[in-house]
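The residues making up each chain are set out below.
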Amino acid sequence: MAVVATNSNPKIASRRVSIWDSPWLNSKFVTGGVIIVLVLLFGLLGPLFWNTDLAFTASSPVNLPPVWDTGGDPAHPLGTESNGRDMLAQLVVAIPSSLKVGLVAASIGMAVGILLGSIAGYVGGWPDHIIRTITDSVITIPSLMVLIAITAYVKMTDTTAMALVLALFAWPGPTRLIRSQVLTLRERGFVRMALLSNVPALEIMLTEMVPNMLPWLAASLTGGISGAILGATGLEALGLGPTRVPSLGTIINNALRSSALVRGMVWWWLPPIIVLIVIFTAFFLMTIGLDEIANPRLRGYGNGK
Amino acid sequence: MKSRNFTISIALVVAFLAACGGQATAPTAAPAPAATTAPAATAVKATDAPKATDAPAATVAPKATDAPAAATATTAPPAAATNPMDYLNATRAETMIIDQPYKLETTDNWNPFTPGNATGWGMQLGMDGLMYLNFGDGKYVMWMADSYSSNADATEWTLKLKKGITWSDGVPFNADDILYTVNLQIGNDKLSNHFYWDEWLSKIEKVDDWTIKYTLKKPNVLFGAQRFGGSLGVFADTFVPKHIWETVKDPTTFKNYDPAKGLPLGTGAYILAKVTTNETIFVRNDNWWGAKTGLAKLPEPKKIVFSYVGTEEVRTQTAIDNGFDSMQDITVGALQAMLAQNPKWQAWYDQKPYAVADPCARIVSLNSLKKPWDDKDMRNMLSMVMDRKQIVDIAYEGSTTLAAYFWPSYPSMKPYADLIDKATYDKMLTPDVTGAAAILTAKGYVKGAKYWAKDGKDLTIEIQVPEDFIELIRVGDVYVEQLQKFGINATEAKLGAVFYDNSANGNYEAQSNWFACGSINEPWSTLNTFAGAAAPIGTKPKGPPIDNAFRWSNKQYTDLVAQIGTTKLDDPKLTELTKQALAILYTELPAMPSAQSRKIVPFNNTYWTGWPTSANYYMFPCNWCSVFAYIITKVSAVK
């Protein structure tokens, strides 16, 4: 397997002797990754420490303030909302649920993107024309509008259904990206060498090209995940998500529906928004970190790795 | 790639913020009862009705026949003190602003007899009713009607109109307009009331300009209340001007909308001046017949605006800033925030429950043609799981009372409510999950790790709710959770207009709704909603007593209800008949009572005062009902 990010600069080559000198240890990428892991751990380990049954309607007293406020109850540290749901329990249930939507939708989009992008870029000709035309057409469609229409008709019983709907618009971006990468890669020496060696096309794609595209794919995936979470949150905030199991957007929808702003119930809407800001920031850091990993020219000395 | 990601992120953030800002969930509202709902009947005899306090003005009211047949709505009001359109420039202190919880979808259909019309956006002030029922004392305020009476067997009814009533173009309103309207509805099955007349009316005759005689096909002791009092006594029947409509080619497509020509034309104190999708503006007609004849004072607001501003959050903030003088139904939390920030607002009560009891009890209707809900034991099982106290505490945040009736728990309904078997009724006030589990076990269901299942299939139920109706959604939220905890995989489907189509066509398992609405002070109207055959799925029901939307059928029950409908309210037989019908209804449970509804209708005393409250109960406080035309005459400007 050839490595595309070779560098003949002796100064840089000398920096690569330590294992701590890997471009994957990009500070932005690592910071983002650590934040995501922490957020994920909160969601995954939360059920061990907190009763998630409290995330459902009528499980707790209504309208309790957070524990630090007058009238707060330690049994509900972040307070409760007007349908008798504990805010902390809702976050514990909602975080993995929202991350799952993002991961599933973006992964499907990426898988479709790899398949179509590789065919279009490698095979060329009429398959490329067809795939490119469809991709370019879909990319111009205002997806949120279409998603609103679709989710109004599709029964949103769980987050998987939401993820599948979002995946409908998650593939054109990766398809274009991968097609352009394949177009450049197929002209490289190592690919031509493999071709001359009579390596089958599928093998060339999987063993020669995909590994060389990993940073781009990873950057596209993290961007896709945060895009899908944003899309899902938007739909849920509109009241189009699953009704029973809490997700970050559903919590916001419940707050909007219950006039939280005018009632001064800050704890109904602020916690999910803080979590969303943290998640988006983390994915953004990961994406630009991966961009720098994939593109050495973006890396400056002493400016991250 | 960086810039691409950045662009996508920005675009999604903008889209998300836009989505948040445009959150579509509408606050609890108070739609009029479904078209299939029987109108309320009342026990008030015509002789009980308060007499009009006025003498008709002798100087007005030329005979209808004197009016030119081809008169148009452009006819100038005689001796108009002011051009009503000048009131479009009225100051805030001269203007009343009424909150609307929905956008006006169709701005140009003001035909009161066709579906989807805009008349709810203020024509309650543009058209007068014959009489209005005050739920407070159970008596009628006679408005355009002077009196009504019936013969001994309730097959002939006579309506007498007040003299001196005019349309807002100055043309007299009289018996000809009523005959014209009724005949128009009889002659066209696409217009409202057609099927009612088809079932009951044999003949309508004009006795003189102010007297109309209705001859019925069969006795109906409630006819006067139903047709002269209108739906529930607060949604009056509408009449249209013969001199305008007789020139209309097709009344089903006629829009009745041209403010420049005075359309829609009514007899009310206000005239439609301007319409947009967010507001309608009505201006006062200083020549209103009611003030001239001494029926009531000329309402003080020169301009009345019906305004939609957005979600409940925005509505409440607008109210706090005195942008409204009256609101439609809002939630308890929003009201409390409002009262805390603007003490000029008032609710029906000064403290919890704040709300006035609504005449339409909430129910969960079950489709008796869909398995397994065709089995009464399974329907009873669902009712046993329902924790009605929790619904009051959570869904209503304590703003309503605990009850399990299909009708409102008004004092006037107590004699009939007491006929329900006490043991049966009391059991409904507390959940009985053990009993529910026993029924499922007997039916062959086995409790798995999470859900009850039979033949390897989990027991599921989908409860449909109208997406813009917060109250019903919250009832659905709580009940779904109760079912889930018990082991039934219940889900909630929030639906738009299709909710009502599904109800009509039977495309539902369960719905959280109010479709047994009707009774206020007699039992027949609510009981009748369950009468008749089960309308086949996929077919719209013609309505009881032919068939019903609950898809439930019980001949014995239907026969009993038919007898109740022809039994006078003071007849001792009524008690036994009602008791038998209720016994069948509460055993079969084609629907189950979920909650007593309530309305929080706040009023603002910053610019206007004299609003109805529990301490001053002169009329049901409903700004979307016809009775608002009465309330507006009782309200005064704050000096």
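Residues numbered from 1 in each chain as written. Chains lettered and ligands numbered in written order. Predicted model: local features only at pLDDT ≥ 70, side-chain atom pairs only at ≥ 80, totals over all residues.

**Q** Can you help me understand the overall build of chain A in this one?
**A** In terms of helices and strands, chain A carries 12 helices and zero strands. Projected onto the principal axes, the alpha-carbon positions of chain A cover approximately 75 × 50 × 30 Å. By sequence separation, contacts in chain A at least 24 residues apart represent 72% of the contacts at least 6 residues apart. (Helix = DSSP H or I, 4+ residues; strand = E, 2+ residues; numbered from the N terminus. Contact = placed C-beta atoms within 7 Å.)

**Q** Teacher, can you tell me more about the overall build of chain B here?
**A** Across its full length, chain B carries 20 helices and 26 strands. Here chain B holds 639 residues, and 53% of them are scored as buried. Sequence-distant contacts in chain B: of pairs separated by 6 or more residues, those separated by 24 or more amount to 73%. (Buried ≥ 20, exposed ≤ 12 C-beta atoms within 10 Å, placed from the backbone.)

**Q** Explain the pairing of strand β7 (residues 211-216) of chain B to me, please; I cannot follow it from the model alone.
**A** A regular strand places its side chains so that they alternate between the two faces of the sheet. Residue and element names in this part refer to chain B. Inspection of the sheet shows strand β5 (residues 156-161) paired to β7 by five bridges, in the antiparallel sense. Along β7, the bridge assignment pairs Leu 159 with Ile 212. Across six bridges, strand β6 (residues 201-208) lies against β7 in antiparallel orientation. Following the sheet pairing, Ile 204 is matched in β7 by Tyr 214. Counting the residues between successive antiparallel strands, the hairpin from β6 to β7 contains two residues. (Pairing = 2+ DSSP bridges.)

**Q** So what exactly am I meant to see when it comes to the sheet that holds strand β8 (residues 270-275) of chain B here?
**A** Two orientations exist for strands paired in a sheet by backbone hydrogen bonds: parallel and antiparallel. Residues and elements named next belong to chain B. What the four strands build is an open sheet, ordered β1-β10-β9-β8; its pairing is mixed. In this open sheet, the two strands that pair with only one neighbour each are β1 (95-99) and β8. Averaged over neighbouring strand pairs, the angle between their axes works out to 25 degrees when direction is ignored. For β1 and strand β10 (residues 303-307), the ladder comprises five bridges, and the chain directions are parallel. Considered in β10, the bridge of Asp 99 is made with Ser 307. (Axes fitted to C-alpha atoms, helices over the stretch in contact; angles between N-to-C directions.)

**Q** Even after reading the chapter, I still don't get the domain arrangement of chain B, so can you show me in this structure?
**A** A common way to state how big an interface is: give the accessible area lost once the parts meet. Residue and element names in this part refer to chain B. Domain boundaries in chain B define domain 1 (46-55 + 83-303 + 603-637) and domain 2 (359-596). Each of domain 1 and domain 2 has a C-alpha centre, and the two are 33 Å apart. Taken together, the contact between domain 1 and domain 2 spans 10 residues of the former and 14 residues of the latter. For the side of domain 1 that touches domain 2, the class distribution of residues is seven nonpolar, three polar and no charged. (Domains from an automatic or database assignment. Nonpolar A, V, L, I, M, F, W, Y, C, P; charged D, E, K, R; others polar.)

**Q** Any chance you could explain the pairing of β10(B) here in plain terms?
**A** All names here are of chain B. The element β10 is largely enclosed, with a buried count of four among its five residues. Two elements, strand β9 (residues 279-284) and β10, share five bridges in a ladder whose sense is antiparallel. Residue pairing across strands places Thr 280 opposite Phe 306, the latter belonging to β10.

**Q** Could you clarify how one ought to interpret the sheet that holds β6(B) in this entry?
**A** Residues and elements named next belong to chain B. The four strands are arranged β4-β5-β7-β6 in an open sheet whose pairing can be described as antiparallel. At either end of the open sheet lies a strand with only one pairing partner, and these are β4 (145-150) and β6. Pairs of neighbouring strands in the sheet enclose a mean axial angle of 15 degrees, with direction left out of account. Against the sheet, helix α3 (residues 175-186) makes contact with β5, β6 and β7, and its axis sits at roughly 165 degrees relative to β6, the strand it touches most.

**Q** Looking at this model, I keep getting lost on the confidence of the model for chain B. Mind explaining?
**A** It should be kept in mind that the predicted coordinates are not to be read in detail where pLDDT is low. Here chain B shows a mean pLDDT of 85. Residues at 70 or above account for 87%. ipTM for the predicted complex: 0.74, alongside a pTM of 0.76. (pLDDT = per-residue confidence, 0-100.)

**Q** Mind showing me how you'd approach the environment of Lys217(B) here?
**A** Residue and element names in this part refer to chain B. Checked against the element boundaries, Lys 217 lands in the loop between β7 and α5 (223-228). For the pair formed by Lys 217 and Asn 278, sequence separation is 61 residues and the distance between their alpha carbons is 45 Å. Residues within four places of Lys 217 in sequence aside, it is in contact with Trp 200, Leu 201 and Ser 202.

**Q** Would you mind going over unusual backbone geometry with me for this structure?
**A** The phi torsion of most residues other than glycine is negative, and most of the peptide bonds are trans. In this structure, the amide linkage connecting Leu263(B) to the following residue, Pro264(B), adopts the cis form with an omega of 0 degrees. Counting through the fold element by element, Pro264(B) comes out in the loop between α6 (242-245) and β8. Looking along the chain, the bond that leaves Lys352(B) and enters Pro353(B) is cis, with omega of 10 degrees. Of note, Ala58(A) is a non-glycine position whose phi angle comes to about 65 degrees, a positive value. Counting through the fold element by element, Ala58(A) comes out in the loop between α2 (27-49) and α3 (87-123). One non-glycine residue with positive phi stands out, namely Asp455(B), at about 55 degrees. Topologically, Asp455(B) is positioned in the loop between β15 (452-454) and β16 (457-458). By C-beta crowding, Asp455(B) is classed as exposed, having 7 other C-beta atoms within 10 Å.

**Q** I would appreciate a short explanation of the packing of α2(A) against α3(A) in the present structure.
**A** Helices that pack against each other are described as a pair by the angle of their axes relative to one another and the distance between those axes. Residues and elements named next belong to chain A. Where α2 meets α3, the axes come as close as 8 Å, and the angle between the chain directions of the two elements is 130 degrees. The angle between the axes of α2 and α3 places the two elements in the oblique class. In the packing of α2 onto α3, the handedness of the crossing is left-handed. Facing Val 39, Leu 40, Phe 42, Gly 43, Leu 44, Gly 46 and Pro 47 of α2, the residues of α3 in contact are Val 92, Ile 95, Pro 96 and Leu 99. Looking at the contact of α2 with α3 residue by residue, the classes come out as nine nonpolar, two polar and no charged. (Parallel < 35°, antiparallel > 145°, perpendicular 65-115°, else oblique. Left-handed = near helix turned anticlockwise from the far one by under 90°.)

**Q** Help me understand the nonpolar core in this model?
**A** Side chains of a nonpolar character, in soluble globular proteins, are inclined to be buried together. Counting 172 residues, the largest nonpolar core has Ala145(B) and Val627(B) as the members making the most contacts within it. If one sorts the elements of this core by residue count, helix α15 (residues 470-486) of chain B sits on top with nine residues. Two domains each donate at least three residues to this core, and these are domain 1 (46-55 + 83-303 + 603-637) and domain 2 (359-596) of chain B. Aside from chain neighbours lying at most four places away, what touches Ala145(B) is Leu130(B), Met131(B), Leu159(B), Lys160(B), Leu161(B) and Phe228(B). Membership of the second largest hydrophobic core comes to 79 residues, among which are Phe56(A), Leu116(A), Leu177(A) and Ala228(A). (Core = buried A, V, L, I, M, F, W, Y, C linked by C-beta atoms within 7 Å.)

**Q** Just checking my understanding: could you explain the environment of Leu64(A) for this structure?
**A** Residue and element names in this part refer to chain A. Turning to its location among the elements, Leu 64 is positioned in the loop between α2 and α3. Spatially, the C-alpha atoms of Leu 64 and Pro 211 are 53 Å apart, while their sequence positions differ by 147 residues. Leu 64 has contacts with Gly 71, Gly 72, Asp 73, His 76, Gly 79 and Thr 80, leaving out every residue within four places of it along the chain.

**Q** Please explain the confidence of the model for chain A as it appears in this structure.
**A** Scored by pLDDT, chain A has a mean of 86; 90% of the residues are at 70 or more. Low pLDDT (under 50) marks residues 1-6 of chain A, which in the prediction has six contacts with non-local residues, meaning those over four places away or in another chain.

**Q** Honestly, α15(B) in this entry has me stumped. Any pointers?
**A** Since the α-helix packs 3.6 residues into each turn, any two residues three or four apart lie on the same face. All names here are of chain B. With 17 residues, α15 extends 24 Å between its outermost C-alpha atoms, agreeing within 8% with the 24 Å of an ideal straight helix rising 1.5 Å per residue. In terms of burial, α15 is a largely internal element, 15 of the 17 residues being buried. Among the residues trailing α15, Gly 487 stands out with phi positive, at a value near 115 degrees. (Expected span 1.5 Å × (residues − 1).)

**Q** What exactly am I supposed to notice about helix α11 (residues 388-395) of chain B here?
**A** Buried within α11(B) are the following residues: Arg388(B), Ile391(B), Val392(B), Ile394(B) and Ala395(B). One or two positions beyond α11(B), positive phi appears at Glu397(B), with a value near 45 degrees.

**Q** Got a minute to help me understand the packing of helix α8 (residues 189-196) of chain A against helix α9 (residues 201-237) of chain A in this structure?
**A** All names here are of chain A. The geometry of α8 relative to α9 is characterised by a closest axis approach of 10 Å and an angle of 155 degrees between their N-to-C directions. It follows that α8 is roughly antiparallel to α9 by the angle criterion. In this structure, α8 meets α9 at a crossing whose hand is right-handed. For the pair α8 and α9, contact is made by Phe 190, Val 191, Ala 194 and Leu 195 and by Ile 204, Glu 208 and Met 209, respectively. The residue inventory of the contact of α8 with α9, partitioned by class, reads six nonpolar, no polar and one charged.

**Q** Whenever I open this one, the environment of Leu298(A) confuses me. Can you help?
**A** All names here are of chain A. The topology assignment puts Leu 298 in the segment after α12 (266-294). Separated by 21 residues in sequence, Leu 298 and Ile 277 have C-alpha atoms that sit 25 Å apart. Aside from chain neighbours lying at most four places away, what touches Leu 298 is Asp 291 and Glu 292.

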